Amino acid sequence: MATTSITVEETPLVRQVLYRADDALILGHRLSEWTGHAPILEEELALANIALDLIGQARLLYAYAGELTGHGEDQLAYLRDAPAWRNCLLVELPNGDFAFTITRLLLFAAFADPFWRTATASSDSTFAAVAAKAEKETAYHLRHAAEWLIRLGDGTEESHRRAQTAVDDLWPYTGELFAAVEGNAMPSPASLHGVWKETVDSALSRATLARPQDGWMQSGGRAGRHTEHLGHLLAELQYLQRTYPGATW
Amino acid sequence: MVAAASLRERALAALQDVCDPEIPVLTISDLGILRHVSVSGDTVDVTITPTYSGCPAMTMITLDIETALSRAGINARVRTCLSPAWTSDWLTVAAREKLAAHGVAPPPHTSSRRALFSAAQLACPHCGSADTEQLSEFGSTACKSLHRCRACREPFDAFKCH
């Protein structure tokens, strides 16, 4: 039956696609958890829209991974156990408060934005086509997160404290974004560290927030060693297909 | 040959009535979503392109195309093509006028990749005043942002620049 988990044959290209697809789907899922809980109506719409963009990007990438592996888009999303997921730990952490959600989005989008822009010139034509859509969407995500981080950091004492806590807590999860990747269909993440740091520094300084020192960095997500939080997220994300195998509507 | 050309023309005529479900004043060809229509044998191949990666209207649009062609007695296959990526610059002049008349500001002819903290200046589609402010860059659908006119005090949607 379809409840059986799938095992994906991972070539370097498949792995590169899954890194991006899994990051997008898991962060999209986290943002979608805000639906009905956002602080104001405009933010409710914004977070849902950003989630929709990310889930859309994930679908295009899973469709491509499906062509490469023979597993369909839905199978890749719904029938892999936690150790088969290749997302970085940063995106799977629970939402925390609004400052944590916004700070995480900024740290991720500051990477995704130059990543997709560079990837538009990829020699892999499918990947370049996905990138051409994603880079425009990500520009909006980055701007939105940066504007909010400035309001929070340069806002009240309480919002500043929460934003600084979020930056400090999330910082050790940023190193994994730049880990070396085998294969050359996509931009090398390490080559984007300089531009990422420039964007993040500019937002942090406008927000009157301090940038933590680079120290020991968390890792393991790309290798399938996840935090306990991913299992809970997948339990919800995969519930329907696991309970009613092959259900469609 | 003649049969194929006339089949294609009948298909194009039927497709003239297919509108975007979220902005019903625009047809899919106004929007630039409809890319190619070709004939192979007795089947019409229609190629469309998504506006946004996660646009939920694409499934609906595919279904509307199939329905419109089936009503005209035409067998159709609908295919999605990602490259070259759709951009809001593909909106036709007619589309921009229809949008404004519908109360939605058309997208400015600039890239979404503007400076990190700058905001686009839009004219109010109701009164034409340039004295407007952005309420949120994310509106009721993925393709729209939310604004307010300081002159006539009316809120309005704007088609996002992508």
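Described below are features of the structure shown in this document. Note that the structure is a prediction, hence the values are computed from the model and not measured. (Residues numbered from 1 in each chain as written. Chains lettered and ligands numbered in written order. Predicted model: local features only at pLDDT ≥ 70, side-chain atom pairs only at ≥ 80, totals over all residues.)

The next subject is the overall build of chain A. Scanning chain A from N- to C-terminus turns up 10 helices and zero strands. Scanning chain A from its N terminus toward the C terminus, one meets helices and strands in the order α-α-α-α-α-α-α-α-α-α. C-alpha extents for chain A along the principal axes are approximately 55 × 40 × 30 Å. With 249 residues in all, chain A has 48% of them scored as buried. Sequence separation of 24 or more characterises 78% of the internal contacts of chain A that already satisfy a separation of 6 or more. (Helix = DSSP H or I, 4+ residues; strand = E, 2+ residues; numbered from the N terminus. Buried ≥ 20, exposed ≤ 12 C-beta atoms within 10 Å, placed from the backbone. Contact = placed C-beta atoms within 7 Å.)

With that out of the way, let us pick up the packing of helix α5 (residues 98–119) of chain A against helix α7 (residues 157–170) of chain A. For any two helices packed against each other, one specifies the crossing angle of their axes together with the interaxial distance. Residues and elements named next belong to chain A. Between α5 and α7, the least distance of the axes is 9 Å, while the angle of their chain directions is 50 degrees. Taken together, the axes of α5 and α7 lie oblique to each other. Every pair of crossing elements has a handedness; the one defined by α5 and α7 is right-handed. Contact with α5, carried on its side by Ala 99, Phe 100, Thr 103, Arg 104 and Leu 107, involves Ser 159, Arg 162, Ala 163, Ala 166, Val 167 and Leu 170 of α7 and no other residues of that element. When its residues are assigned to classes, the contact of α5 with α7 shows seven nonpolar, two polar and two charged. (Axes fitted to C-alpha atoms, helices over the stretch in contact; angles between N-to-C directions. Parallel < 35°, antiparallel > 145°, perpendicular 65-115°, else oblique. Left-handed = near helix turned anticlockwise from the far one by under 90°. Nonpolar A, V, L, I, M, F, W, Y, C, P; charged D, E, K, R; others polar.)

Where the parts come together, the accessible area they lose is often given as the size of the interface. In this complex, chain B contributes 19 residues to the contact, which on the side of chain A involves 24 residues. Its residues assigned to classes, the side of chain B that touches chain A shows 10 nonpolar, seven polar and two charged.

Our next topic: the sheet that holds strand β7 (residues 155–159) of chain B. The strand order across the open sheet formed by four strands is β4-β7-β6-β5 (chain B), and the pairing between neighbours is mixed. Only two strands of the sheet have a single neighbouring strand rather than two, namely β4 (104–105) and β5 (132–136) of chain B. (Pairing = 2+ DSSP bridges.)

Before going further, it helps to examine the environment of Thr 87 of chain B. Positionally, Thr 87 of chain B belongs in the loop between β3 (75–80) and α4 (93–101). When the C-alpha atoms of Thr 87 of chain B and Pro 50 of chain B are compared, they prove to be 9.7 Å apart, with 37 residues separating the residues in sequence.

What follows covers the pairing of strand β6 (residues 144–149) of chain B. Along a regular strand, successive side chains alternate from one face of the sheet to the other. Residue and element names in this part refer to chain B. Of the strand pairs in this sheet, β5 and β6 are connected by four bridges, and their pairing is antiparallel. Across the sheet, residue Gln 134 finds its bridge partner in β6, namely His 147. Alignment of β6 against β7, held across five bridges, turns out to be antiparallel. In the strand pairing of β7, Lys 144 is matched with Phe 159. Two successive antiparallel strands, β6 and β7, enclose a turn made up of five residues, where Arg 153 displays a positive phi of approximately 70 degrees.

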